[in-house]
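If you want the building blocks of each chain, they are given just below.
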Amino acid sequence: DIDVIAPEQNAIGTSNALTLNRPLTVHRASNGFQYINGTPSDSVHVALTGLLPARPDLVLSGINNGANMGDDTLYSGTVAAAMEGFLFGIPSIAFSQVEKGWACLDEAAAVARSVVETVLASSQSARPARPFLLNVNIPNRADAMQLPRRVTRLGRRHASEPVIQQKSPRGEPIYWIGPAGDAREAGEGTDFHATAVGCVSITPLQVDLTDHATLGEWSGVLQRNAPA
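Quick summary incoming for the structure in this document. (Residues numbered from 1 in each chain as written. Predicted model: local features only at pLDDT ≥ 70, side-chain atom pairs only at ≥ 80, totals over all residues. Heavy atoms only, no water.)

A cluster of nonpolar side chains, contributed by Val163, Tyr175 and Ile177, occupies part of the molecular surface with about 360 Å² of accessible area. Along the chain, the position of Tyr175 falls in strand S10 (residues 173–176). (Patch = residues over 30% accessible without salt bridge, like charges linked within 9 Å, V, L, I, M, F, W, Y side chains within 5 Å. Areas by Shrake-Rupley, 256 points an atom, 1.4 Å probe, with all protein chains shown as cover. Salt bridge = Lys/Arg side-chain N within 4 Å of Asp/Glu carboxyl O. Helix = DSSP H or I, 4+ residues; strand = E, 2+ residues; numbered from the N terminus.)

Here it is in C-alpha cells:
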C-alpha cells in the first residue's frame, strides 16, 4: 500500500523547515493523493503524527527536478522530507534526477522502484538493522536502468555565485539568490563523480553534525579558560 502526502507547491530550498507560525491544511486530490500547504518536512511530519493510520515501512521523497548532491543536501526539501522520516526511526530514501527538465522521468522512476525493491528484499544481515537514510541521484538517460550503481560520499561545491540585484516596480532593490557554485570536490568516490561518469549515485546520510574529531581539542580550550 502506498500513501502519497506531498507539499501543495514547489518547496525548493526549504531544507528541514517546519511551519510553526500558522495552521496547516490537508486536501485530497481526485486521484486520492493528499497535499499540504506547507514544506516537504511538514508533509512527512503531519503524515506520521496524524494522517496515516499505521506506521509505514518506508518513507520515499522525490523524484526531485534536479540534482541534490554535495552541499545541496543541506538546503534540499527533498532530502529533508526523507530525513524527517529517518528522525522518526523509519528507513527513508530521497530520489533526484541529475538534470532539470524531467527528461527520461519514467526511466528514473524505474530505477527508483528497483532501488526500493532491492532495499526491501535485502536481509537484515545484508544492510544495517537500524533505520537508514539514502540519497539517490539518477542521470537523465534512457538507459538509466542499465547504469551501474555506486555507493558514494558527498562531494563539495564552491561558494554560490553572487546575488542577482534588480529593481521592484516601485524602484526598490530586490535580490535573487545566485546560482549554485561549481563542484570543488568531485573526485572518485563522490556523488558528483559517479553521476558524471554515468552511474546512479547512492549516498548513505547521517544527521549527527557533531565534529567528533575536535571534541577533545575544544574540551582543552574551554578547560584552560575556565573560571578559577
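On to helix H3 (residues 105–121). Taking 1.5 Å as the rise per residue, H3 with 17 residues should run 24 Å; its terminal C-alpha atoms sit 24 Å apart, in good agreement. Residues Ala108, Val111, Ala112, Ser114, Val115, Val116 and Val119 constitute the buried set of H3. On its buried face, H3 is in contact with strand S4 (59–64), strand S5 (92–97), strand S6 (133–138), strand S7 (149–151) and strand S12 (200–204). (Expected span 1.5 Å × (residues − 1). Buried < 20%, exposed > 50% of the residue type's maximum accessible area, 1.4 Å probe, protein only. Contact = heavy atoms within 4.5 Å.)

Before going further, it helps to examine the packing of helix H1 (residues 40–51) against helix H2 (residues 77–87). In contact at an axis separation of 7 Å, H1 and H2 are set at 20° when each is read in the N-to-C sense. As judged from the angle between their axes, H1 and H2 are roughly parallel. When the axes of H1 and H2 are compared, the crossing they make is right-handed. Mapping the contact onto sequence places Pro40, Ser41, Val44, His45 and Leu48 in H1 and Gly77, Ala80, Ala81, Glu84 and Gly85 in H2. Class assignment of the residues belonging to the contact of H1 with H2 gives a composition of five nonpolar, four polar and one charged. (Axes fitted to C-alpha atoms, helices over the stretch in contact; angles between N-to-C directions. Parallel < 35°, antiparallel > 145°, perpendicular 65-115°, else oblique. Left-handed = near helix turned anticlockwise from the far one by under 90°. Nonpolar A, V, L, I, M, F, W, Y, C, P; charged D, E, K, R; others polar.)

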